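# Understanding the architecture of this molecule
Listed below, chain by chain, are the residues.
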Amino acid sequence: MSADPVLPYRGRFAPSPTGPLHAGSLVAALASWLDARVHGGTWIVRIEDVDTPRCVPGADEIILRQLATCGLVSDEPVVWQSNRSTLYQAALDRLIATDAVYPCACSRKDIEAALNAAGLARERHHAAVYPGTCRPERGGLHGREARAWRFEVKPGVLRWSDRRLGPQSQDVAAEVGDFVLRRADGLWAYQLAVVVDDAEQGITQIVRGEDLIDNTPRQWLLQQALGLQAPGCLHTPLVMGDNGEKLSKQNGAQALDLTDPLAALNQAAVHLGLPAATGSLPDALAQWVNAWPWRNLVPV
Ligand code: GLU
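Residues numbered from 1 in each chain as written. Predicted model: local features only at pLDDT ≥ 70, side-chain atom pairs only at ≥ 80, totals over all residues. Heavy atoms only, no water.

Attention now goes to the nonpolar core. In terms of nonpolar packing, the biggest core is built from 42 residues, with Leu30, Leu67, Leu72, Trp288 and Trp292 touching the most fellow members. Looking at this core, the elements with two or more residues in it are helix H1 (23–38), strand E2 (42–47), helix H2 (59–69), helix H8 (261–271) and helix H9 (281–291). By residue number, the principal contributor to this core is H1, which donates ten residues. Those residues in contact with Trp292 that sit more than four places away from it in its chain are Ala31, Leu34, Asp35, Val38, Leu234, Leu272 and Leu274. Counting residues in each nonpolar core, the second largest holds 25 residues, with Ala91, Leu92, Leu158 and Val195 among its members. (Core = buried A, V, L, I, M, F, W, Y, C linked by side-chain atoms within 4.5 Å. Buried < 20%, exposed > 50% of the residue type's maximum accessible area, 1.4 Å probe, protein only. Helix = DSSP H or I, 4+ residues; strand = E, 2+ residues; numbered from the N terminus. Contact = heavy atoms within 4.5 Å.)

Structure representation (structure tokens):
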């Protein structure tokens, strides 16, 4: 799993508009922007609004304004995933044509029941590993109506290297199982949308929060199945709240206070191990570009 370091650098920041940016999301935004600048690359903002029930109307515009206040402006027109269903459908069609995916009729309850019957009760808060009930070799839909499309994961451990965190591995079949690409409610799953968009936008490096690192192997499997180049990756340190959990919109993180954008950016920069900067915003950004530690695109 490695990117081609010879390709011109293209990076992105891909917020879900479930609320305004918070201190944690600014770390990922700043890191992705700095990494693109250090490598003379292009930085693109993509609004990941496929999970419509979780999106908050107007949050996309707030996020774009917050970024602009911090001097972080997309080098190309901003892309909204909600306009890109045709691309996701075309990718799913290709996966259907190569039998990489199968339709699934199981509800969450069916999955729980199958896991319990197999003595595989799952830990609380952990997503269930799909027991494979609708896999083609197990008889498919068993006469039930298809609800979702799942990607069939072959056994084996995937190894890759993160530019900040070094060697990583995951047994996707054992730890995640066959994952959903099109949900029972008809919505596109994050995994498919992100892989299709990263490829279509020519993204060569992914810089995002460490909470997303366990998605990397699933995305790599999809890239393989679709014949796409896998971007390199660098996952940034998470910002923890007072309760010891990572800051997220779900657990009520405060929107960024941007009355003093340099103060907010300094906080994000220091979290990334960069020195606090003074002067104008452009000066501060330039100082961090110079100090950026992850210059090597080929992970060791
Ligand atoms: N939309 C995702 C989020 O806001 C980020 C996806 C990504 O960077 O791959 O958590």
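Following the structure, the description resumes.
Lining the immediate surroundings of the ligand are Arg12, Ala14, Pro15, Ser16, Glu48, Tyr190, Val194, Arg208 and Leu212. Within the side chain of Arg12, a nitrogen or oxygen atom sits 2.7 Å from an oxygen atom of the ligand. Here Tyr190 contributes a side-chain N or O atom positioned 2.8 Å from an oxygen atom of the ligand. Contact with the protein chains hides 80% of the accessible area of the ligand, taken as 290 Å² for the molecule alone. Across the shell around the ligand, the residue classes tally to five nonpolar, one polar and three charged. (Near = heavy atom within 4 Å. Polar contact = N/O pair within 3.5 Å; in protein donor to acceptor, adjacent residues only side chain to side chain. Areas by Shrake-Rupley, 256 points an atom, 1.4 Å probe, with all protein chains shown as cover. Nonpolar A, V, L, I, M, F, W, Y, C, P; charged D, E, K, R; others polar.)

The analysis is restricted to geometry; functional conclusions fall outside its scope.
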